[in-house]
Amino acid sequence: YWYHSHVGSQRTDGAYGALIIRPKKIIPETRFERDDTDKLIILQEWYDSPSDKTIKSLLINGNGRVSGSTDFKTEYTVYTVEYGKKYLFRVIGAISEDVPLRLSIDDHKFTAIAADSQDIHPVENLTDLWIAGGERFHIVVQPKENIAQEMAYKIRVFGYSNPNTRTGEFCTIAWLKYPGQKIDKNYVTNSACTGFELTSPQRTLNPIPNSNSEWEKPGNIFIKDLKALVPRPTIEFFGQSLLNTQYIEFEGITFNNLVMDYSRVPFLLQNGNNEELQCGVSCNINVTKISNASYADTHKYISTHCVEKSKPTDCEDGKPCLCEHVIQQPSVDGYWTEIVLINNDISAPAHPIHQHGGWFWVVGMGKFPYSINRTFIMEKDEGCNNVSYYNANKENCLHRNLDLPPAKDTIQVPPGGYVILRTSLDNKGAWLFHCHINKHVLGGMAMILQVGGPRYVKEGGQPWCTGELVTDQNCPTKPLPPSAMTRN
């Protein structure tokens, strides 16, 4: 895991760090032999100043050098390893803006065993890995059995200042050092990033999904292609456990043209008295008495009815609406909500969308060679949340994989494409759901996924406990509006 600030440019300026939590029970590990705390790779782009968003360099664990410079005081990070030992490396994308980064290791391949701290079926013989802001991967480096060269191997990190046009190259390195190898302390990456080209054939995990050529390229492995190591109970109970589907379109840097206005009253402490400031969706819970098994086959024991909230009165039709964007869901163990993220513009970034408070399961992901919209996706998916209709019309519906779908908490959404997420409704709270491009979340590309809470009746354990905290009380300082935050 990692922790970081969500205030202004603090994360960009270094207010973040790694958080490693190992299993409580020591289970014999066969996937790797060494799990050293120092085998941590934190990646970030580096800017000249908080106000100047021109990339100057890339950092690994805060270390790096400006390409072409001879006046430097820092060293590249060095990872020491032994021959023949499989090492676990934790890779964290502490990236601030739209700068996905690619990691590779000279003359080495590696295996991915976890994504966003959740185990996956091992993806072996990888040549490289792309990582966006907020994402994390566990990789196991396949070791050398004996020395093959005098100098240490380079761990290469590469990215573009504009990923869509693939221009503005930046790069940096760290060293992978075996016993007896030397480090070139005078090495500095050149501004053209010569030597960072990868030779074919490549086997790439999580490439930027921003072009159809990448989407269809042999050897590319996207998140939709991963398999969870452990099944998630009830997710495959399509007809019974799925309560509702929400379609969220990225219009500019908004969700459904709603600009998040961060409330002066923390969402967790709102007691339902300020809903006139809110927008989004409210889902009510319905419980149906089941008299026999045949009735249960055609009727859900628990269902929801979702309605769109009225927007604040000062919002104009067709224009971005500044409001407290909340999707209210009941808390129901074993049940799910589905969120379809729609990145409408073929020229948009592959927004990395992050959910606080737990994981979602990626059950679908697709891309079209043209721009799309919410209506287009909803029409393609009409009726498909009905299990009988879906089974009879799979070719006409958005495909859903319920066989060991991978868990993530951050996902890149393809431009001109979509991602289908399922989130379990068993974790009560008010959870931030946002783009992890810093400029975008500060500009209002966020919403709250509320599970349970005070607006629901006390029966059924819906409200959460706030202890001694006072509800419906303004914070001393109101959060800055999105337009002001993006200037900081």
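So, a few notes on the structure that sits alongside this text.

Topic: unusual backbone geometry
Residue S200 is joined to P201 through a cis peptide bond whose omega torsion reads 0°. Positive phi values are uncommon outside glycine, yet L404 reaches one of about 55°. With respect to the element layout, L404 can be found in the loop between helix 5 (387–392) and strand 25 (407–408).

Focus: the environment of L58
If you trace the backbone, L58 turns up in strand 4 (residues 55–60). Sequence separation between L58 and K439 is 381 residues; the distance between their C-alpha atoms is 18 Å. Beyond its immediate sequence surroundings of up to four residues, L58 is in contact with Q44, E45, N63, G64, L101, V157, F158, G159, F170, C171 and T172.

Description of the sheet that holds strand 5 (residues 78–80)
Taken together, seven strands build an open sheet; the order of strands is 5-13-12-7-10-14-15 and the sheet is mixed. The open sheet has two edge strands with one neighbour each: strand 5 and strand 15 (220–221). Across two bridges, strand 10 (residues 128–131) lies against strand 14 (residues 204–205) in parallel orientation. Counterpart to D128 in the pairing with strand 14 is T204.

Re empty space enclosed by the protein
Counting across every chain of the model gives three cavities of 30 Å³ or more. Estimated volume of the largest cavity: approximately 100 Å³. Lining the largest cavity we find 13 residues, and of these Q270, G272, Q278, Q328 and Q450 sit closest to its centre. For the lining of the largest cavity, the secondary-structure elements that each account for two or more residues are strand 21 (321–329) and strand 29 (446–451). In terms of residue class, the lining of the largest cavity is built from five nonpolar, six polar and two charged. In this structure, the second largest cavity occupies an estimated 50 Å³ of space. Lining the second largest cavity are E97, D98, V99, P100, A132, G133, I208, A350, P352, Q412 and I437. The residue inventory of the lining of the second largest cavity, partitioned by class, reads seven nonpolar, two polar and two charged.

Describing the state of the cysteines
This structure, assessed with the given rule, holds five disulfides. Across a sulfur-sulfur distance of 2.3 Å, C171 and C193 are joined as a disulfide pair. One quick way to see it: the torsion about the S-S bond of C171 and C193 is about -105°, and its sign makes the bridge left-handed. Taken together, the positions of C171 in strand 13 (residues 167–177) and C193 in the loop between strand 13 and strand 14 put the pair 22 residues apart, joining distant regions of the chain. Classification of C171 by relative accessible area gives buried; the value is 3%. The disulfide partner of C384 is C397, and the gap between their sulfur atoms is 2.0 Å. The sign of the -85° torsion about the S-S bond sets the C384-C397 disulfide as left-handed. Here C397 lies in the loop between helix 5 and strand 25 and C384 lies in the loop between helix 4 (374–380) and helix 5, a separation of 13 residues in the sequence. Per residue, the accessibility class of C384 equals that of C397, and both read buried.

Things to note about the nonpolar core
Of all hydrophobic cores here, the largest spans 67 residues; its most connected members are L43, F89, L103, L176 and L341. In this structure L43 touches L59, I60, V91, I92, G93, A94, I95, L101, L103, I131 and V157, once residues within four positions along its chain are discounted. Counting residues in each nonpolar core, the second largest holds 16 residues, with W336, W361, I372 and I420 among its members.

The rules behind the values
Residues numbered from 1 in each chain as written. Predicted model: local features only at pLDDT ≥ 70, side-chain atom pairs only at ≥ 80, totals over all residues. Heavy atoms only, no water. Helix = DSSP H or I, 4+ residues; strand = E, 2+ residues; numbered from the N terminus. Contact = heavy atoms within 4.5 Å. Pairing = 2+ DSSP bridges. 1 Å grid on protein atoms, 1.4 Å probe; cavity = no way out; pocket = protein on both sides within 12 Å on 5 of 7 lines; lining within 4 Å. Points joined across faces, edges and corners; volume = space filled by probe spheres on them. Nonpolar A, V, L, I, M, F, W, Y, C, P; charged D, E, K, R; others polar. Disulfide = S-S within 2.5 Å. Buried < 20%, exposed > 50% of the residue type's maximum accessible area, 1.4 Å probe, protein only. Core = buried A, V, L, I, M, F, W, Y, C linked by side-chain atoms within 4.5 Å.

Fair warning: the whole summary comes from geometry, so function is off the table for now.
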